[in-house]
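The chain contents come next:
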Amino acid sequence: MSDALLSVRGLEAGYGGSQVLFGVDLDVGCGEVVSLLGRNGMGKTTTVLSIMGLLPTRAGEIRFAGRAMTCQAPFRIAQAGIGLVPEGRQVFPTLTVEENLIATASNRGGRAAPWTLERVYGFFPRLAERRRNYGDEISGGEQQMLAIGRALMTNPKLLLLDEATEGLAPLTRQEIWDRLAALKRDGLSILIIDKTIEALLVLADRHVILEKGRSVWSGSSRALADDPVTRDRYLSV
Amino acid sequence: MPTSLVLVQLFNGLQFGVLLFLVAAGLTLVFGVMDFINLAHGVQYMLGAYLAVAFYRLTGSFFAAAALALPASLLFGLALEVVVLRHLYVRDHLSQVLATFGVILFLNEGVKIVWGAAPLNLALPELLSGSVPLMEGLRYPVYRFVIIGVGLSVAGGLYLFVNHTRIGMLVRAGASNTAMISALGVDIKRLFTIVFGFGAMLAGLAGVMVAPILSVEPGMGDQVLILAFVVIVIGGIGSIRGAFVAALLVGVIDTLGRSFMTDALRLVLPASPARMIGPALASMGIYLLMAAVLALRPAGLFPAKGRA
């Protein structure tokens, strides 16, 4: 798919002496939601860090919005339009909820109807109630909403979500899934990692499975739902 | 002891404290946000004083000298960051300490070559050289009030800047997580350069302001640097509020200790041992304070990593 928004080819990366990724291929088209699946330690987070430029790429190519992004600084990749919601959420504890949203806000793509403070508060009303609290004074679910809101405030073309609902209460999870579905209806492209395959089968258009640092399967939700062998082989614990 | 003397020494301590704050503010931001130990921060203070003297010789006006020395300090700080320090961010603390110590040696020699080893002075203008009556029979120099006033205004401005501007938010966020800031599209190197240049200018401002009341000489930044480190350790590394409170504490305790420790000891000791122990104890005062703070609150009074 040459007109993909994000295209990763033959990506290899690792930490120090140990290589983790040995060849990851994936595409995310405009307005498409793609999930990155695989058991723990198969390289999902490493893939996210490499796409974001937070981990140096050893081989392969990353293209975003038609530009080569391999070996670019993280801030340039973010400025090109990738909004990161990292594993562990990583909201700034030294800033209030509102400051977390404002501090890195931008609209570099010149979006006509950009994400603003009011729009994020409308999207996540609980953040509005907590606007004066510091980042470490709110619940895990609120932190996840804040991390998503913070990424949306950079008005990204692609949202990169690592562990979208990990460690959250069931009700909060459902709220996050609802909000992600709303973002999809809005036309936002999303690359998402999560352990809840049932929810991902509903939300995502396509899925890419990683096994030992390689992408070994990719296909639609229908194909994955109809393929218990693949699910069993790569995803069951 | 007379109250008037205590009052004078309190003001002296306050004046010393705000100067320490101006130096410590840049040091704590650079250390807290960039995790960079910059021993060369003290030479920025020395250079501020020398630049004030140099511009005074050029212009003949104290105010023009001060107005020119500030941007010159900023430019020098930026140049130092781009030429030397920028390359040290990714190195470990030992490399940073060694390299910036080298910068100290280089610049202390440098000012000797340019301005000579003899101490220089800067004359105060008529307008600031008088004194004001504090109470019956007690006058206090106007210029020291000016220093206190400028220091407190800068502290207030810095507080507003750090708490109410986007760069201030990024500075506070940077004290806990710089990688996340860059992953959200902020050029962290540019932020570092801004913070560094700003810190250098504040240290330069302190140097400009002491030029008329201290002798301007090579190495004058070294003593201040040590005190500034004491201040940021007490206050909590990366915290402007901590630096402010700690600088005033250190300034007042050090000044009062040196003035009254001997007299205080004479209340409980004979005169001769009191004269011996007093000064020794006084010069230890701030280090005892630092040890006490570290024992009770190892991250300082206002740890920035949690919340500033």
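In case you missed it, the structure is sitting above this.
About the thresholds
- Residues numbered from 1 in each chain as written.
- Chains lettered and ligands numbered in written order.
- Predicted model: local features only at pLDDT ≥ 70, side-chain atom pairs only at ≥ 80, totals over all residues.
- Heavy atoms only, no water.
- Helix = DSSP H or I, 4+ residues; strand = E, 2+ residues; numbered from the N terminus.
- Rg over C-alpha atoms; globule rule 2.2 N^0.38 Å.
- Buried < 20%, exposed > 50% of the residue type's maximum accessible area, 1.4 Å probe, protein only.
- Expected span 1.5 Å × (residues − 1).
- Axes fitted to C-alpha atoms, helices over the stretch in contact; angles between N-to-C directions.
- Left-handed = near helix turned anticlockwise from the far one by under 90°.
- Nonpolar A, V, L, I, M, F, W, Y, C, P; charged D, E, K, R; others polar.
- Phe/Tyr/Trp six-rings, centres within 6.5 Å; stacked < 30°, edge-to-face > 60°.
- Lys NZ or Arg CZ within 6 Å of the ring centre and 35° of its normal.
- Contact = heavy atoms within 4.5 Å.
- Buried area = accessible area lost by both parts, 1.4 Å probe.
- Salt bridge = Lys/Arg side-chain N within 4 Å of Asp/Glu carboxyl O.
- Polar contact = N/O pair within 3.5 Å; in protein donor to acceptor, adjacent residues only side chain to side chain.
- Patch = residues over 30% accessible without salt bridge, like charges linked within 9 Å, V, L, I, M, F, W, Y side chains within 5 Å.
- Areas by Shrake-Rupley, 256 points an atom, 1.4 Å probe, with all protein chains shown as cover.
- Lys, Arg positive; Asp, Glu negative; His and termini not counted.
- Charge placed at Lys NZ, Arg CZ, Asp CG, Glu CD.
- Pairing = 2+ DSSP bridges.
- Core = buried A, V, L, I, M, F, W, Y, C linked by side-chain atoms within 4.5 Å.

With respect to the overall build of chain B
Reasoning step 1: When helices and strands are counted, chain B shows eleven helices and two strands.
Reasoning step 2: A compact globule built from 308 residues would reach a C-alpha radius of gyration of about 19 Å, and chain B, at 20 Å, matches this within 12%.
Reasoning step 3: Considered along the principal axes of its C-alpha atoms, chain B spans approximately 65 × 50 × 35 Å.
Reasoning step 4: The buried share of chain B, reckoned over its 308 residues, is 50%.

Here we look at helix H8 (residues 188-210) of chain B
Reasoning step 1: The end-to-end C-alpha distance of H8(B) is 33 Å, a good match for the 33 Å that 23 residues give at a rise of 1.5 Å each.
Reasoning step 2: Of all 23 residues making up H8(B), 18 are buried, and the element is well covered by its neighbours.

Quick look at the packing of helix H1 (residues 3-34) of chain B against helix H10 (residues 240-266) of chain B
Residues and elements named next belong to chain B.
Reasoning step 1: Between H1 and H10, the shortest axis-to-axis distance is 6 Å and the interhelical angle comes to 145 degrees. Both H1 and H10 take part in a crossing whose hand is right-handed.
Reasoning step 2: Each residue belonging to the contact of H1 with H10 can be placed in one class, and the counts come to 20 nonpolar, eight polar and one charged.

Quick look at the packing of aromatic side chains
Reasoning step 1: For the structure shown, the criterion picks out twelve aromatic pairs over all chains.
Reasoning step 2: Plain terms: the ring middles of B:Tyr89 and B:Phe192 are 5.3 Å apart, the flat faces sit at 80 degrees to each other, and that makes the pair edge-to-face. Of this pair, B:Tyr89 sits in the loop between helix H3 (62-83) and helix H4 (93-115) while B:Phe192 sits in helix H8, and the two are 103 residues apart along the sequence. Across the pair, B:Phe192 and B:Tyr89 agree in class, each one buried.
Reasoning step 3: Through a chain of ring-to-ring contacts, three or more aromatic side chains come together here, namely A:Trp115, A:Phe123 and A:Phe124.
Reasoning step 4: The aromatic ring of A:Phe92 is capped on one face by A:Arg150, whose charged end is 4.9 Å from the ring centroid.
Reasoning step 5: Sitting over the face of the ring of A:Phe123, A:Arg179 holds its NZ or CZ atom 4.5 Å from the ring centroid.

Observations concerning the interface of chain A and chain B
Accessible area lost upon the coming together of the parts serves often as the stated size of an interface.
Reasoning step 1: Each partner contributes residues to the interface: chain A has 25 residues there, and chain B has 22 residues.
Reasoning step 2: Here chain A and chain B share an interface that buries about 2000 Å² over both sides, 61% of which is from carbon and sulfur atoms.
Reasoning step 3: Contact with chain B buries area across many residues of chain A, yet A:Phe75, A:Phe92 and A:Thr94 alone supply 28% of it, more than any other trio.
Reasoning step 4: Put simply, chain A and chain B have one salt bridge between them.
Reasoning step 5: A salt bridge links A:Glu99 to B:Arg172, with the shortest nitrogen-to-oxygen separation between them at 2.9 Å.
Reasoning step 6: Along the contact surface separating chain A from chain B lie eight residue pairs in polar contact (both at pLDDT 80 or more).
Reasoning step 7: Secondary-structure elements contributing two or more residues to the side of chain A that touches chain B are helix H2 (74-80), helix H3 (97-103) and helix H6 (140-152) of chain A.
Reasoning step 8: Examining the composition of the side of chain A that touches chain B, we find that four residues originate from one element, H2(A), more than from any other.

Here's the deal with the pattern of salt bridges
Residue and element names in this part refer to chain A.
Reasoning step 1: Using the criterion set out here, one finds 16 salt bridges over all chains in the structure.
Reasoning step 2: Glutamate 163 is paired through a salt bridge with lysine 195; the nearest N and O atoms lie 2.9 Å apart. One end of the pair, glutamate 163, is in the loop between strand E7 (158-162) and helix H7 (170-185); the other, lysine 195, is in the loop between strand E8 (189-193) and helix H8 (197-203), and 32 residues separate them in sequence.
Reasoning step 3: The class of glutamate 163 is buried, set by a relative accessible area of 8%.
Reasoning step 4: Here the residues in one salt-bridge network are Arg126, Arg130, Glu142 and Glu175, joined through shared partners.

Some thoughts on a positive patch on the surface
Residues and elements named next belong to chain A.
Reasoning step 1: Residues Arg67, Arg76, Arg111 and Lys157 make up a contiguous surface patch of positive charge.
Reasoning step 2: Its place among the elements puts arginine 111 in the loop between H3 and helix H4 (117-123).
Reasoning step 3: On the accessibility criterion, arginine 111 (31% relative accessible area) is partly exposed.

Topic: the pairing of strand E2 (residues 138-141) of chain B
Reasoning step 1: Burial of the side chains of E2(B) is restricted to one face: B:Leu138 and B:Tyr140 are buried, whereas none of B:Arg139 and B:Pro141 on the reverse face is.
Reasoning step 2: Counted along the chain from strand E1 (residues 131-135) of chain B to the antiparallel partner E2(B), the turn is two residues long, and its residue B:Gly137 has a positive phi close to 75 degrees.

Focus on the environment of B:Gly168
All names here are of chain B.
Reasoning step 1: Positionally, glycine 168 belongs in helix H6 (residues 166-174).
Reasoning step 2: Glycine 168 gets classed as buried once you look at its relative accessible area, which sits at 0%.
Reasoning step 3: When the C-alpha positions of glycine 168 and valine 195 are compared, they lie 9.6 Å apart, and in sequence the two are 27 residues distant.
Reasoning step 4: With residues up to four places along the chain from it excluded, the contact list for glycine 168 reads Phe161 and Val162.

Things to note about unusual backbone geometry
All names here are of chain A.
Reasoning step 1: At cysteine 71, a position not held by glycine, the phi torsion is positive, near 65 degrees.
Reasoning step 2: For cysteine 71, the location among the structural elements is in the loop between strand E5 (67-68) and H2.
Reasoning step 3: A positive phi is found at arginine 89, a non-glycine position, where the angle reads about 70 degrees.

What about the pairing of strand E3 (residues 33-37) of chain A?
Residues and elements named next belong to chain A.
Reasoning step 1: With five of its five residues buried, E3 lies for the most part within the structure.
Reasoning step 2: Here E3 shows two buried faces, one formed by Val33, Ser35 and Leu37 and the other by Val34 and Leu36.
Reasoning step 3: In the sheet, E3 pairs with E8 via three bridges, with the strands oriented parallel. Bridge assignment links serine 35 to a residue of E8, and that residue is isoleucine 192.
Reasoning step 4: Pairing of E3 with strand E9 (residues 206-211) involves four bridges; the strand directions are parallel. Note on E9: the bridge partner recorded for serine 35 is histidine 207.

With respect to the environment of A:Pro170
Reasoning step 1: Following the sequence through the fold, A:Pro170 ends up in helix H7.
Reasoning step 2: Considered as a pair, A:Pro170 and A:Gly213 are 43 residues apart in the sequence and their alpha carbons are 30 Å apart.

Concerning the nonpolar core
Most often, soluble globular proteins keep nonpolar side chains buried together rather than apart.
Reasoning step 1: In this structure, A:Leu6, A:Leu26, A:Leu191, B:Phe21 and B:Met34 are the most contacted members of the largest nonpolar core, which totals 127 residues.
Reasoning step 2: With 14 residues, H1(B) is the single largest residue contributor to this core.
Reasoning step 3: Excluding its chain neighbours within four sequence positions, the residues that come into contact with A:Leu191 are A:Leu6, A:Leu26, A:Val28, A:Val34, A:Ile51, A:Leu158, A:Leu159, A:Leu160 and A:Leu161.
Reasoning step 4: In terms of nonpolar packing, the next biggest core, distinct from the first, is built from 44 residues, A:Val33, A:Leu37, A:Leu146 and A:Ile148 among them.

Taken by themselves, the reported measurements are silent on function.
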